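# Secondary and tertiary structure notes
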There are 2 protein chains.
Amino acid sequence: MLDVYTQISSIPIGYNHPALLKLMTNPNNLSTVVNRPALGILPPENFPDKITESLLSVAPSGMSRVQTMACGSCSNENAYKAMFIWYRNKERGHSIPSEVELHSCMINQGPGCPDLSILSFMGGFHGRTMGCLATTHSKAIHKVDVPSFDWPIAPFPYLQYPLEEFSRENAQEEARCLEEVEDLIVKWRHKGKPVAGIVIEPIQAEGGDNHASADFFRGLRKIASKHGCAFHVDEVQTGGGCTGKFWAHEHWGMDDPADIVSFSKKLLTGGYYYKNEFQAEKPYRIFNTWMGDPTKNLLLSEVLNVIRTENLLVEVTRSGKALMNGLYELQAQYPGILSRARGQGTFCAIDVCDDATRNNILVKARNKGLFLGGCGDRSIRFRPALVFKEYHVHIFLNLFNDVLAQIK
Amino acid sequence: MLDVYTQISSIPIGYNHPALLKLMTNPNNLSTVVNRPALGILPPENFPDKITESLLSVAPSGMSRVQTMACGSCSNENAYKAMFIWYRNKERGHSIPSEVELHSCMINQGPGCPDLSILSFMGGFHGRTMGCLATTHSKAIHKVDVPSFDWPIAPFPYLQYPLEEFSRENAQEEARCLEEVEDLIVKWRHKGKPVAGIVIEPIQAEGGDNHASADFFRGLRKIASKHGCAFHVDEVQTGGGCTGKFWAHEHWGMDDPADIVSFSKKLLTGGYYYKNEFQAEKPYRIFNTWMGDPTKNLLLSEVLNVIRTENLLVEVTRSGKALMNGLYELQAQYPGILSRARGQGTFCAIDVCDDATRNNILVKARNKGLFLGGCGDRSIRFRPALVFKEYHVHIFLNLFNDVLAQIK
């Protein structure tokens, strides 16, 4: 099979990479696999060094701290908590909760459990535990029947592709969305549920591969700062190199792109980077039993070595160009089926005329040995590993063309 | 070091058990470690068999289904969601949400996001993501500054120990708590926030090792059934053999002890067992990228083999008796320092006169090579691995006695 979905975009350097096989046959690493520590209280002696070599070696601009977690949902849940704590510290003017706060929180009441909110975007996906789910708005099946929070939801720009051909129209659409964000922040403040943080994906993935311009994100970051909201960039799906840069937010060209950046999937371990001011002042505020898994960190270190030595970000950029060119050609060839080809690096997608045809294409492709994934209502998303080379692109395009010819 | 805390009770059969070392040097298992699948869509071919051999071989009474998850919090979060979906299906009379529900849930509003609640207990701990945190009430530092849900919280019985000496007083206290549970269920129904489920630990761990009688749990289970609430037993800390039975709820002697049983820690993987009626009728209702980790399942299978071949539940019962007897003796010897010795199997605890003395004991013990953990305001909890034999108990008691003599 040619896997262009890679376990929902979570396999960074392909299956059975020799470097990983070698790593895990090293007897020195055996103890890490069989003895999982409670990292929050008993990190292994050399763990800080290992984090410096791995996660901190790819820390986003402006951040030198990271909190590991076991998965994407736990990463976002705890990042939200860090933003709430930070926001309350600002409101109080200090970090020491009052007796009234300490008592009321025990029974889920204010002021200890404050009426704060996180602003998210329609079409966004940030996980499915209950805090995350309140910021997820991609598909009803994820949310229906589960209680939620009354938090503000802004429109995400619905752009025309290729972006460069519609820059004027797209700029208007983005301006409309930014205006709405500001309105919502003011409205929720008046409601007594101030926005402590804004969470957004650099490219909405599960919601249909929706892109926005660097200008949009720069504008959003400014609005967050202006209104005193934390700015949380969720790179769970975009992080790890698939857009041609290690973090998708690097495409925005900012020194101060975010306050918090969360990750998982291709990073193998979950977690989030954060600015110093988001460091809780006391232990046990952000905590759970495992807080990640050193085995995953071990694998990540080796993945990062491979990305560097095999120059994979350059490969991704090259393969991504070939993939986009191929998708543009197929879109021109099958205008009744395909539209809106879009992408950054190999993080690409294309729309299909309807849901049924999309699903038909996915099944036919799989039967030809090509594994693809859907997203949104009727998109196909391409999520190859970083080792997806130009020749893989051509294999993919040939098979995809065969499927489309059958459908037509 | 003699570790009687074992990474917050999460190491089942001690460090570097030869069976686990052997397992992980088997080249056949290498692929599992380096290629983590998205279990919800692409389980490895033999994964169902492996789950049958491992998790399903120790399924609680009345349950033949299990959902794996990566950690305890995700297990409880998704168990809560399963209970909400189940409850709404009952209310609707069928499992198909209406168009209004599907639309309203996308913006976090009712009826799609219903005002349902989970009843939990003061002193309970069920995790720290936002859904779990709304049912956690052990320490303010876990909860303060984080928004929450207005859900009912019942008192957990505060009993006198040894239980058998105070059965009349304890029965009164338990009856009071059960009455309060029923009042809260009625009150929240009238508030328009019906209780979809009740969640409880068989022994409150983080909250201070609070026990209750089998009668109490049988009564609670009956109340849940009477009012149509799901009954979720959280065995994240009690599960895996440390009480002398594989699941602590087996001590209640019931055929139908629970609707949902969640686990993590000693089980190495998170997850929850559930009755057939809690199976979501559609895919993707309970879902995330990884949904557990086959490497942890591999380790768990071997742990279960070791528990059986080394007869570890019998060992736990024997060591537990020796430990309790020793604690009773020390309590008699140091009545100004120790009180309320209590336990089931090796899942034991004792109270210290005050917080400062407790912490002093923990530090002094550690400096003598004895690693212990605290819980509640001023308790010490004992959480050895299942391989903690009688001779380990005697080593522990001697060291603990030395520390107490110094404190005195």
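Structure's up top.
Here is what the cut-offs are and how they apply
Residues numbered from 1 in each chain as written. Chains lettered and ligands numbered in written order. Predicted model: local features only at pLDDT ≥ 70, side-chain atom pairs only at ≥ 80, totals over all residues. Heavy atoms only, no water. Helix = DSSP H or I, 4+ residues; strand = E, 2+ residues; numbered from the N terminus. Rg over C-alpha atoms; globule rule 2.2 N^0.38 Å. Buried < 20%, exposed > 50% of the residue type's maximum accessible area, 1.4 Å probe, protein only. Contact = heavy atoms within 4.5 Å. Pairing = 2+ DSSP bridges. Axes fitted to C-alpha atoms, helices over the stretch in contact; angles between N-to-C directions. Buried area = accessible area lost by both parts, 1.4 Å probe. Salt bridge = Lys/Arg side-chain N within 4 Å of Asp/Glu carboxyl O. Nonpolar A, V, L, I, M, F, W, Y, C, P; charged D, E, K, R; others polar. Parallel < 35°, antiparallel > 145°, perpendicular 65-115°, else oblique. Left-handed = near helix turned anticlockwise from the far one by under 90°. Arc of directions from axis to C-beta. Core = buried A, V, L, I, M, F, W, Y, C linked by side-chain atoms within 4.5 Å. Least-squares fit on C-alpha atoms with pLDDT ≥ 70 in both. Expected span 1.5 Å × (residues − 1).

On to the overall build of chain A. For chain A, the count of helices and strands is 14 helices and 13 strands. The C-alpha radius of gyration of chain A comes to 22 Å, within 12% of the 22 Å expected for a compact globule of 408 residues. The dimensions of chain A, computed from C-alpha atoms along their principal axes, are 70 × 55 × 40 Å. Across the 408 residues of chain A, 65% fall into the buried class. Counting only contacts in chain A whose residues sit at least 6 apart along the sequence, the fraction spanning at least 24 positions is 73%.

Below, the discussion takes up the sheet that holds strand β9 (residues 338–344) of chain B. Across a sheet, strands are paired by hydrogen bonds formed along the backbone, either parallel or antiparallel in direction. Residue and element names in this part refer to chain B. On the basis of which strands lie adjacent, the open sheet formed by 4 strands has the order β9-β10-β13-β12 and antiparallel pairing. Each edge of the open sheet carries a strand with a single partner, namely β9 and β12 (373–375). Looking at each pair of strands side by side, their axes are set apart by 30° on average, direction ignored. Both β9 and strand β10 (residues 347–352) contribute to a ladder of 5 bridges, which runs antiparallel. Bridged to leucine 338 within β10 is valine 352.

A few words on the sheet that holds strand β9 (residues 338–344) of chain A. All names here are of chain A. The sheet built from 4 strands is open, its strands ordered β9-β10-β13-β12 with antiparallel pairing. In the strand order of this sheet, the two ends are held by β9 and β12 (373–375), each with one partner. In this sheet, adjacent strand axes meet at a mean angle of 30° when their direction is disregarded. Across the sheet, helix α12 (residues 312–333) is in contact with β9, β10 (347–352) and β13 (379–382); its angle to β9 comes to roughly 170°.

Every contact between the two is made by 82 residues of chain B and, on the other side, 82 residues of chain A. Taken together, both faces of the contact between chain B and chain A bury some 7200 Å²; the carbon and sulfur share is 65%. Our count for the chain B to chain A interface comes out at 6 salt bridges. The partner of aspartate 293 of chain A in a salt bridge is lysine 296 of chain B, with the nearest N and O atoms 2.8 Å apart. Mapped by element, the contributors of at least two residues to the side of chain B that touches chain A are α1 (6–9), α2 (18–25), α3 (30–34), α5 (72–92), α6 (99–105), α7 (130–133), α8 (140–143) and α11 (294–309) of chain B. Looking at the side of chain B that touches chain A element by element, the count peaks at 8 residues for α5 of chain B. For the side of chain B that touches chain A, the class distribution of residues is 47 nonpolar, 19 polar and 16 charged.

The next thing to look at is the packing of helix α13 (residues 355–367) of chain B against helix α14 (residues 390–407) of chain B. Residue and element names in this part refer to chain B. Interhelical geometry of α13 versus α14 gives an angle of 130° and a closest axis separation of 10 Å. As the angle between them shows, α13 and α14 are arranged oblique. As for the relative orientation of α13 and α14, their crossing is right-handed in sense. Counted together, Thr357, Asn360, Ile361, Lys364 and Ala365 of α13 and Phe400, Val403, Leu404, Gln406 and Ile407 of α14 form the full contact between these two elements.

This part covers α2 of chain B. Residue and element names in this part refer to chain B. Burial in α2 covers these residues: Ala19, Leu20, Leu23 and Met24. What you see down the axis of α2 is that its buried residues fit within an arc of 125°, all on one side. For α2, exposure combined with an orientation more than 90 degrees from the buried face picks out Pro18 and Lys22.

With that out of the way, let us pick up the nonpolar core. One recurring pattern in soluble globular proteins is that nonpolar side chains are buried together. Phe121, Ile198 and Phe216 of chain A together with Phe121 and Ile198 of chain B are the most contacted members of the largest nonpolar core, which has 190 residues in total. Residues in contact with isoleucine 198 of chain B, not counting those within four places in the same chain, are Leu119, Phe121, Val181, Ile185, Leu220, Ala224, Cys229, Ala230, Phe231 and His232 of chain B. Core analysis: the second largest hydrophobic core is formed by 30 residues, Tyr334, Ala341, Ile350 and Ile380 of chain A among them.

Of the transformation superimposing chain B on chain A, the axial component is 0.0 Å and the angular component is 180°, with the fit at an RMSD of 0.0 Å. As the rotation angle and translation indicate, the two copies are arranged about a two-fold axis. For chain B, the residue whose C-alpha comes nearest the rotation axis is methionine 130 of chain B, separated from it by 3.0 Å.

A word on the side chain of glutamate 173 of chain B. Checked against the element boundaries, glutamate 173 of chain B lands in helix α9 (residues 167–190). Look past the residues within four positions of glutamate 173 of chain B in its chain and what remains in contact with it is Phe156, Pro157, Tyr158 and Leu159 of chain B.

Here the focus is the pairing of strand β13 (residues 379–382) of chain B. All names here are of chain B. Side chains of β13 alternate between two faces, with Ser379 and Arg381 and Ile380 and Phe382 buried alike. Relative to β13, β10 runs antiparallel, the two sharing 4 bridges. Within β13, the residue paired with alanine 349 across the bridge is arginine 381. Sheet topology places β12 next to β13; 3 bridges connect them, and they run antiparallel. Of the residues in β13, the one forming a bridge with cysteine 375 is serine 379. Taking the residues that link successive antiparallel strands as the turn, the β12-β13 hairpin has 3 residues, and the phi of glycine 376 there is positive, at about 60°.

Residue and element names in this part refer to chain B. In terms of burial, strand β8 (residues 270–274) is largely enclosed, as 5 of its 5 residues are buried. Two elements, strand β2 (residues 65–69) and β8, share 5 bridges in a ladder whose sense is antiparallel. Looking at the pairing, valine 66 lines up with tyrosine 273 of β8.

Now for the environment of isoleucine 203 of chain B. Residue and element names in this part refer to chain B. One can find isoleucine 203 in the loop between β5 (195–200) and α10 (214–226). Residue classification places isoleucine 203 among the buried residues on the basis of a relative accessible area of 2%. It is 30 Å that separates the C-alpha atoms of isoleucine 203 and arginine 88, two residues lying 115 residues apart in sequence. Contacts of isoleucine 203, omitting those with residues within four sequence positions, involve Asp209, Asn210, His211, Thr238, Thr243, Gln344 and Phe347.

Residue and element names in this part refer to chain A. Between its first and last C-alpha, helix α14 (residues 390–407) extends 26 Å over 18 residues, near the 26 Å set by a 1.5 Å rise per residue. Here α14 has its buried residues at His392, Val393, Phe396, Leu397, Leu399, Phe400, Val403, Leu404 and Ile407. Residues of α14 that are buried sit in contact with β1 (2–3), α12, β9, α13 (355–367), β11 (370–371) and β13.

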